[in-house]
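# Notes for the structure review
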Amino acid sequence: MITIKNLHASIDGKEILRGLNLTVNAGEVHAIMGPNGAGKSTLASVLAGRDAYEITAGEVIFEGTDLLSLSTEDRAREGLFLAFQYPVEIPGVSNVNFLRTAINEIRAYKGEESLSAKDFMSLVREKSALVELDSKLASRSVNEGFSGGEKKRNEIFQMAMLAPKLAILDETDSGLDIDALRIVAKGVNQLKSPENAAIVITHYQRLLDYIVPDFVHVLYKGQIVKTGGKELALELEEKGYDWIKDAHPTV
Amino acid sequence: MANYTEENLAEELENQEYKFGFVTPIDSDTIPIGLSEDVIRLISNKKEEPLWLLEHRLHAYNVWKTMEEPKWAHVKYKKPDFQNIAYYSAPKQSKKYESWDDVDPEMKATMAKLGISMEEQQRLTGVAVDFVMDSVSVATSFKEKLGELGIIFCSFSEAVQNHPDLVRKYMGTVIPTTDNYYAALNNAVFTDGSFCYIPKGVRCPMELSTYFRINAGGTGQFERTLVVADEGSYVSYLEGCTAPQRDENQLHAAVVELIALDNAEIKYSTVQNWYPGDKNGLGGIFNFVTKRGICHTNSKISWTQVETGSAVTWKYPSCILKGDHSIGEFYSVAVTNNYQQADTGTKMIHLGKNTKSTIISKGISAGKSQNSYRGLVQIHKSAKNARNFSQCDSLLMSSECGAHTFPYIECKNSTAKIEHEATTSKIGEDQLFYCKQRGIGEEKAIGLIVNGYCKEVLNQLPMEFAVEAQKLLTISLEGSVG
Amino acid sequence: MEQIVAPSKMESFRRNLPASLLKIKDEDLAASNERLLLNGFPNSRTEAWKYSRLNRIASLNLNKKTSNPISWEHYSLTHEAYTFVFQNDQCIYFSQDLPDGIIVKEAVNLSLEEWKSFEINSHVIDLNKTHAQNGLCVWLRKGVNLTKPVQLIFLSEGTEQAAIHRNQFILEKDSKMELIVSHCSIDGKKNYKNIVSEFHLEENSFLSVHKLQNEEGEDFHFSTENIHQKNNSNFTLTTLTLNGNWVRNDVNVFVDGEGCETFLNGAYLSKGIQHIDNHTTIDHMKPNCNSYELYKGVMDEKSTAVFNGKVFVRPDAQKIAAFQSNANVLIGDEASVNSKPELEIYADDVKCSHGSTIGQLDEEAIFYLQSRGISENTARRLVLTAFMQDVFEKITSPAVVTFLNQVLSERFNWDLSVLEED
């Protein structure tokens, strides 16, 4: 699905990612954990194409294409989805209008016809039920006046609507209470299939009780320093990150 | 990687052809250029006006001659040469058509091009239309049906002939003859416009619409609109404007007066798309308009405007909240581009008790344009418990444009509550990135965001106008859902 | 036909004012005289004077009499300062005890070359240029961090006396100082005060100014501050107008360097028929700067306040963040306020905002406090103090805080320490 090789990225001249390698295959869920400042959100931003970051070395192959040469919107159209850590408010633009525009732009890119209003609305009903999102939120402005939990659920709702190949969840669990977390996880699990994959970026092991990863990676100072199964997450929870820091003082 | 940026949108806007720039090849009866008492007598004579109106014109003219052009607006332009304008131009055979079938085919074609099909309007949408080309009203639809309800909707000239008492009673009561330089000029030389009277307790069942069109070269348009909503009545009134593409600057100096008697409501919407000049700033309309309404007890006047055209705009639709519990509203989107200049806003004059006003102004500046909001909220001693809320936002699309905010807040009553907020910023980078990450291209993303930014104002427009306005803002349509 | 013109108000106003004792270029003096002669006093059609009528000032009959000696110590906020005192047109105390790195002179002793200039005119500045009698001039040398504040006291005394002074402060690179300017009146019988202060902040210099206006009586007060900021400099002006019959403050900041920060704070409290006018302009000439402006006022009885705040962002001055807020509470039935916040923006990558509110005390809050057993008067006082608190919080000088507490408790029975305990 995606292969990241020796990725180096910096912002304002400061190197954040320092030779990151990662391969994710279809049907897999990968968790990326790490202490604050390790580069977790940078990885998400770089893959999505935020232009504040400068890629200084490395390559990313996504479904056979060179991801880094694509514009942000083309990466999305190729099936890469980022659930934002801090979803953005767009006043005056309704959620449904936003999504309908997105879906039809993606369909046009693929040479498909626009979705009719009727089909679109039935899709909205189906997918909003998945994340137990109040259908009223669908007609409200994008993220405007949403609670923290609603914003995160809205991200998963959008993900369900756009049905990406690769979903990157950037700290989707932060700020969620246990009920909201369960709803979000349920949504993610239901979207799982042998054809798609997910990268779950998180600070806490808690989320991984609900979204069971196939692999857990530890990101520290811009590199993946340890990889294991889901038990690694439990070990991290127990021992904390100091254990990693002590093991890799010079990275 | 081709990145579509605001600059691209700005460029696209810049290069976008002005769709209404054509000229209708129609014979016009245009009087020679120049302004004098004789010209005014000639106009009055052509319109077979009563003596009082001629005297009114001459009085206005004599005062106007002593007045000076206002200089305070944040706009720069070459003062029009008032002796180089033809003050009367009428499409020939300008006698009001008896039936739609009599209308000149060229005229019909013009209306169709402008998107006004009288027949269709009649059949489909139930919007009554008055069409004013240059100095005269050409056609008014739906008259009979409105007449059954006692509603008068006709050209100003007809009103002068058929309803002189009403005209004389209300004309000039909101905007004094010599209110300002361009209002005084209008009073001296106005040629036509629309008149509308809604009787007591009548709710006008359809939108009333006037379409203003400048066609002939070397002319100015000086129309008058007078809307009187008698006690307990309601009317929604729409106004659209276009003009041909010319290198010269043509002057449009209109006067619009609204009168909302006790418990009445007037909703007045404008989509102003006069020719803005080319991308080098050549040509375009000077739009110097005085619009004001007076609210009696418990009444409401709501102004909504979408301003995209004109080379220079100078316009402040205002409300005098005279009656207790009356309400004034002003919703505005003003887009300027290339070398356009707009100085627009409103005045809310609170005189009555418990009066309320709301001001929502959204400015978008692109190219090398200058876009100013200028507003006055005035709370008089008598206006106990007056309330005002104002929100003025400016969106900047280019590094060479300007966005300015000049609000005046004057409060003489200690029970008033006034809140004013203004922001000026660039289109949000985070919002753009978010849209793009969902697969929406930059052009569409900007369109979405700008549309969302103007939403509060566009929502105030009647459906049809909102659609036209959105197109004008080069914004993709919102779906029927949501 | 030639008309016989009566001597203009400006001429009769200036009749008894002595010519300036400060060095000024002949052409500058001539230009000022010409403008005054030509334009006279501005009327309400002049935008900057729309809400502040000058009739009462124009008809003053200024004269000069011998001043009674007064002791100024009572008006000093702190002993821990380098203090300079002016009574009407005279300098009556000049601190001798100055550390290295600071040079202070009376304005009359400045040579022509030592004056810097600003390209800005008004009838107030022109009157100051043509009639200034003295003032204080301070140079702070490169890298000097003055540990004690400079305290400048202007006392007015007598009847229809004029106090016209011009001050100049130059802060060289990396220097830092604090200035307290205090205006008081002894008996305040229609005295005219016109103080122009010019501040030149060179690279990376820091200046904090507290200006206190606490003039009893019927004085007329014009205060002009012109500020020029170079790269990475930091300027703060806190204007506290606690009392004043007729006060006009003009603040003009030219932010002519990158990385600058500018803070303008103001509090105005008026009563009776007092008139307090604050006009500010922040001109962002260079990119990457921030400015913050917060002015709040409480108007009692029949008093009037005017606020006009202008933020100007010049072309190419990108990445400017400018925030301005003006809030007013009318507690007097016949009090009034005119607020005009303005933005003039010619660059696109900016974030600017302003807000202006006019209202009353929160009656709900007062009722709530009363329901907890607090008397209505105390409740009102608490709510008012809370309203003003965010401006008072900006005061960094302990001496000013102490003074403010004293004045407010005497005048309003306010107790700011109540809030500090929260």
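Now for a description of the structure that goes with this document. Treat the numbers as computed from the prediction; the structure is a model and nothing was measured. (Residues numbered from 1 in each chain as written. Chains lettered and ligands numbered in written order. Predicted model: local features only at pLDDT ≥ 70, side-chain atom pairs only at ≥ 80, totals over all residues. Heavy atoms only, no water.)

## A few points about the overall build of chain B
- Looking only at helices and strands, chain B features twelve helices and 23 strands.
- Taken over 482 residues, chain B has a buried fraction of 66%.
- Taking as baseline every contact in chain B between residues at least 6 positions apart, the subset at least 24 positions apart corresponds to 83%. (Helix = DSSP H or I, 4+ residues; strand = E, 2+ residues; numbered from the N terminus. Buried < 20%, exposed > 50% of the residue type's maximum accessible area, 1.4 Å probe, protein only. Contact = heavy atoms within 4.5 Å.)

## Here we look at the pairing of strand 22 (residues 402-411) of chain B
- Among the ten residues of strand 22 of chain B, ten are classified as buried, and the element is accordingly described as predominantly covered.
- A two-sided burial pattern is seen for strand 22 of chain B, the buried positions comprising Gly402, His404, Phe406, Tyr408 and Glu410 of chain B on one face and Ala403, Thr405, Pro407, Ile409 and Cys411 of chain B on the other.
- Note: strand 20 (residues 370-379) of chain B against strand 22 of chain B, ten bridges, orientation parallel. Residue Val377 of chain B lies in a different strand from strand 22 of chain B, and its bridge partner there is Ile409 of chain B.
- Here six bridges tie strand 22 of chain B to strand 18 (residues 336-345) of chain C, and the two strands are oriented antiparallel to one another. Opposite Thr405 of chain B, over in strand 18 of chain C, you have Leu343 of chain C as the bridge partner. (Pairing = 2+ DSSP bridges.)

## Structural notes on the sheet that holds strand 10 (residues 197-201) of chain A
All names here are of chain A.
- With respect to topology, six strands assemble into an open sheet ordered 6-9-10-3-11-12, the strand pairing being mixed. Here the strands that pair on one side only, and so sit at the sheet edges, are strand 6 (80-83) and strand 12 (223-228). Recorded for the sheet is a direction-independent mean angle of 20° between the axes of neighbouring strands.
- With five bridges connecting them, strand 9 (residues 166-170) and strand 10 associate as parallel partners. Counterpart to Ala167 in the pairing with strand 10 is Ala198.
- Sheet strands in contact with helix 8 (residues 230-239) are strand 3 (29-33), strand 11 (215-220) and strand 12, and its direction is about 45° off that of strand 11. (Axes fitted to C-alpha atoms, helices over the stretch in contact; angles between N-to-C directions.)

## Examining the interface of chain B and chain A
- With 25 residues of chain B at the contact, the number on the chain A side is 39 residues.
- Counting each side, the surface lost to burial between chain B and chain A is near 2,600 Å², with a carbon and sulfur contribution of 63%.
- Counting the surface chain B buries against chain A, the share from its top three residues, Phe433, Tyr434 and Arg438 of chain B, is 29%.
- Put simply, Lys444 of chain B and Glu105 of chain A hold a salt bridge, and the shortest N to O gap is 3.1 Å.
- For the pair chain B and chain A, the number of links is 14 residue pairs in polar contact (both at pLDDT 80 or more).
- If you list the elements that add at least two residues to the side of chain B that touches chain A, you get helix 10 (429-437) and helix 11 (442-458) of chain B.
- In terms of residue class, the side of chain B that touches chain A is made up of ten nonpolar, eight polar and seven charged. (Buried area = accessible area lost by both parts, 1.4 Å probe. Salt bridge = Lys/Arg side-chain N within 4 Å of Asp/Glu carboxyl O. Polar contact = N/O pair within 3.5 Å; in protein donor to acceptor, adjacent residues only side chain to side chain. Nonpolar A, V, L, I, M, F, W, Y, C, P; charged D, E, K, R; others polar.)

## Brief notes about the pattern of salt bridges
Residue and element names in this part refer to chain C.
- Within this structure, the stated rule accounts for 43 salt bridges over all chains.
- Asp390 is paired through a salt bridge with Lys296; the nearest N and O atoms lie 2.9 Å apart. One end of the pair, Asp390, is in helix 6 (residues 376-392); the other, Lys296, is in strand 15 (residues 289-299), with 94 residues separating them in the sequence.
- For Lys296, a relative accessible area of 9% translates into the label buried.
- Where Arg380 meets Glu376, a salt bridge forms, and the shortest distance between an N and an O atom there is 2.9 Å.

## Let's talk about the state of the cysteines
- Under the criterion given, the structure shown has zero disulfides over all chains.
- Here Cys401 of chain B is not cross-linked by a disulfide; its sulfur's nearest cysteine counterpart is in Cys352 of chain C, at 13 Å.
- Cys401 of chain B gets classed as buried once you look at its relative accessible area, which sits at 1%. (Disulfide = S-S within 2.5 Å.)

## Notes on the environment of Thr424 of chain B
- Along the chain, Thr424 of chain B turns up in strand 23 (residues 417-426).
- Sequence-wise, Thr424 of chain B and Ala264 of chain B are 160 residues apart; in three dimensions their C-alpha atoms are separated by 36 Å.
- Once residues within four sequence positions are removed from consideration, Thr424 of chain B is found in contact with Ser394, Leu396, Ala403 and Thr405 of chain B together with Leu343, Ile345, Val350, Lys351 and Cys352 of chain C.

## Some points on the interface of chain B and chain C
- Contacts between the two partners involve 32 residues from chain B, matched on the other side by 34 residues from chain C.
- Roughly 2,600 Å² of surface becomes buried between chain B and chain C when both sides are summed, with 47% attributable to carbon and sulfur atoms.
- If you sort the residues of chain B by the area they bury against chain C, Tyr408, Ile409 and Ser414 of chain B come out on top, with a joint share of 21%.
- Inspection of the region where chain B meets chain C yields zero salt bridges.
- Inspection of the region where chain B meets chain C yields 20 residue pairs in polar contact (both at pLDDT 80 or more).
- Breaking the side of chain B that touches chain C down by element, the ones donating at least two residues are strand 22 and strand 23 of chain B.
- Residue composition of the side of chain B that touches chain C, grouped by class: eleven nonpolar, 14 polar and seven charged.

## What to know about empty space enclosed by the protein
Residue and element names in this part refer to chain C.
- Here the structure, examined in full by the defined rule, presents nine cavities of 30 Å³ or more.
- Considering only enclosed or pocket space, the largest cavity measures out at about 130 Å³ in volume.
- In this structure, the largest cavity is lined by 13 residues; those nearest its centre are Pro18, Asn63, Lys64, Asp89 and Ala162.
- Here the lining of the largest cavity is composed, by residue class, of five nonpolar, six polar and two charged.
- In this structure, the second largest cavity occupies an estimated 80 Å³ of space. (1 Å grid on protein atoms, 1.4 Å probe; cavity = no way out; pocket = protein on both sides within 12 Å on 5 of 7 lines; lining within 4 Å. Points joined across faces, edges and corners; volume = space filled by probe spheres on them.)

## Some points on a negative patch on the surface
All names here are of chain C.
- Together, Asp26, Glu27, Asp28 and Glu119 line one region of the surface with negative charge.
- You can see Asp28 is positioned in helix 2 (residues 26-39).
- What makes Asp28 partly exposed here is its relative accessible area of 32%. (Patch = residues over 30% accessible without salt bridge, like charges linked within 9 Å, V, L, I, M, F, W, Y side chains within 5 Å. Areas by Shrake-Rupley, 256 points an atom, 1.4 Å probe, with all protein chains shown as cover. Lys, Arg positive; Asp, Glu negative; His and termini not counted. Charge placed at Lys NZ, Arg CZ, Asp CG, Glu CD.)

## Quick notes on the packing of aromatic side chains
Residues and elements named next belong to chain B.
- Scanning the model with the defined rule gives 39 aromatic pairs over all chains in all.
- When the ring of Tyr182 is compared with that of Phe288, the centres are 4.6 Å apart and the planes differ by 45°; the resulting orientation is tilted. Taken as a pair, Tyr182 in helix 9 (residues 181-189) and Phe288 in strand 13 (residues 284-295) lie far apart in primary sequence, 106 residues in all. Assigned by exposure class, Tyr182 and Phe288 land together as buried.
- Seen in terms of ring centroids, Tyr182 and Trp314 are 6.1 Å apart; in terms of plane orientation they differ by 65°. Their pairing is edge-to-face. One end of the pair, Tyr182, is in helix 9; the other, Trp314, is in strand 15 (residues 312-315), and 132 residues separate them in sequence.
- Judged by its relative accessible area of 1%, Tyr182 is buried.
- Clustering of aromatic rings is evident, with ring pairs tying together Tyr61, Trp64, Trp72, Tyr77, Phe82, Tyr181, Tyr182, Phe286, Phe288, Trp314 and Tyr316. (Phe/Tyr/Trp six-rings, centres within 6.5 Å; stacked < 30°, edge-to-face > 60°.)

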